[in-house]
Amino acid sequence: GDSVTQMEGPVTLSEEAFLTINCTYTATGYPSLFWYVQYPGEGLQLLLKATKADDKGSNKGFEATYRKETTSFHLEKGSVQVSDSAVYFCALSHGTGANNLFFGTGTRLTVIP
Amino acid sequence: GAGVSQSPSNKVTEKGKDVELRCDPISGHTALYWYRQSLGQGLEFLIYFQGNSAPDKSGLPSDRFSAERTGGSVSTLTIQRTQQEDSAVYLCASSLGGRRASPLHFGNGTRLTVT
């Protein structure tokens, strides 16, 4: 069945370091892919998305490219800030309905000054 | 436009009591989801509503859990005879539904503590 596997955390980086959080998926066909972010004390919010192969989603300096050949959607940012400290969730939507929506387990990022 | 609103934000209850958690989705969103997030864990799907269709209850962990959505808008998640293992953050989300790439909009959650 469909699933999402993302890099286990926690991840600790110094400010201005380069960030990669790996995400791979298993699905038939062409799912839509998402990254959600959860800041401390808040609910999840959409960070970026891509709906077809080779699409690049970007927002707030974060990027992720939908790679069909490697079934991946890795999250990257060139220079992290303390304010990026949060939990990041990779997600897959394959059709509509709850049984077609899958979340990874989340990766906690802590950025230290 | 207000986002998804959940109340209360925090709830402390004694073991064995019933609790009700409320979710006000974004106006016009036909799909509504409830998830549970335990400490250090990912998201556990509980229940899904889409329009007037029968809800998908496949994620409810036991018959102590139930949810309803009145008038296709506000939803209430009820936990009867709460247990300590029910302690978690309960997240509600809504979306336009019916569209594969429609993202979810989450509320800030209700933190439930069962003592």
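Anything mentioned here points back to the structure above.
Rules used throughout
Residues numbered from 1 in each chain as written. Chains lettered and ligands numbered in written order. Predicted model: local features only at pLDDT ≥ 70, side-chain atom pairs only at ≥ 80, totals over all residues. Heavy atoms only, no water. Helix = DSSP H or I, 4+ residues; strand = E, 2+ residues; numbered from the N terminus. Rg over C-alpha atoms; globule rule 2.2 N^0.38 Å. Buried < 20%, exposed > 50% of the residue type's maximum accessible area, 1.4 Å probe, protein only. Contact = heavy atoms within 4.5 Å. Areas by Shrake-Rupley, 256 points an atom, 1.4 Å probe, with all protein chains shown as cover. Buried area = accessible area lost by both parts, 1.4 Å probe. Salt bridge = Lys/Arg side-chain N within 4 Å of Asp/Glu carboxyl O. Polar contact = N/O pair within 3.5 Å; in protein donor to acceptor, adjacent residues only side chain to side chain.

**Q** Account for the overall build of chain B, with residues named and values stated.
**A** Looking only at helices and strands, chain B has zero helices and 10 strands in total. For chain B, the N- to C-terminal ordering of α and β elements is β-β-β-β-β-β-β-β-β-β. For chain B, whose C-alpha radius of gyration is 13 Å, the value lies close to the compact-globule estimate of 13 Å for 115 residues. Reported as C-alpha extents along the three principal axes, the dimensions of chain B are approximately 40 × 25 × 25 Å. Burial status across chain B gives 49% buried among its 115 residues. A separation of at least 24 residues holds for 55% of the contacts in chain B among residues at least 6 apart in sequence. Surface accessibility of chain B: about 5,700 Å² in total, with carbon and sulfur atoms responsible for 43%.

**Q** Give me the lowdown on the interface of chain A and chain B, citing residues and values where you can.
**A** The partner chain B presents 19 residues to the 23 residues of chain A that form the contact. Here chain A meets chain B over a buried area of about 1,600 Å², counting both sides, of which 58% is carbon and sulfur. Taken together, chain A and chain B are joined by zero salt bridges. Joining chain A to chain B, the criterion identifies three residue pairs in polar contact (both at pLDDT 80 or more). Elements with a contribution of two residues or more to the side of chain A that touches chain B: β5 (32–38), β6 (44–50), β10 (86–93) and β11 (101–103) of chain A. It is β5(A) that provides the largest number of residues to the side of chain A that touches chain B, a total of four residues.

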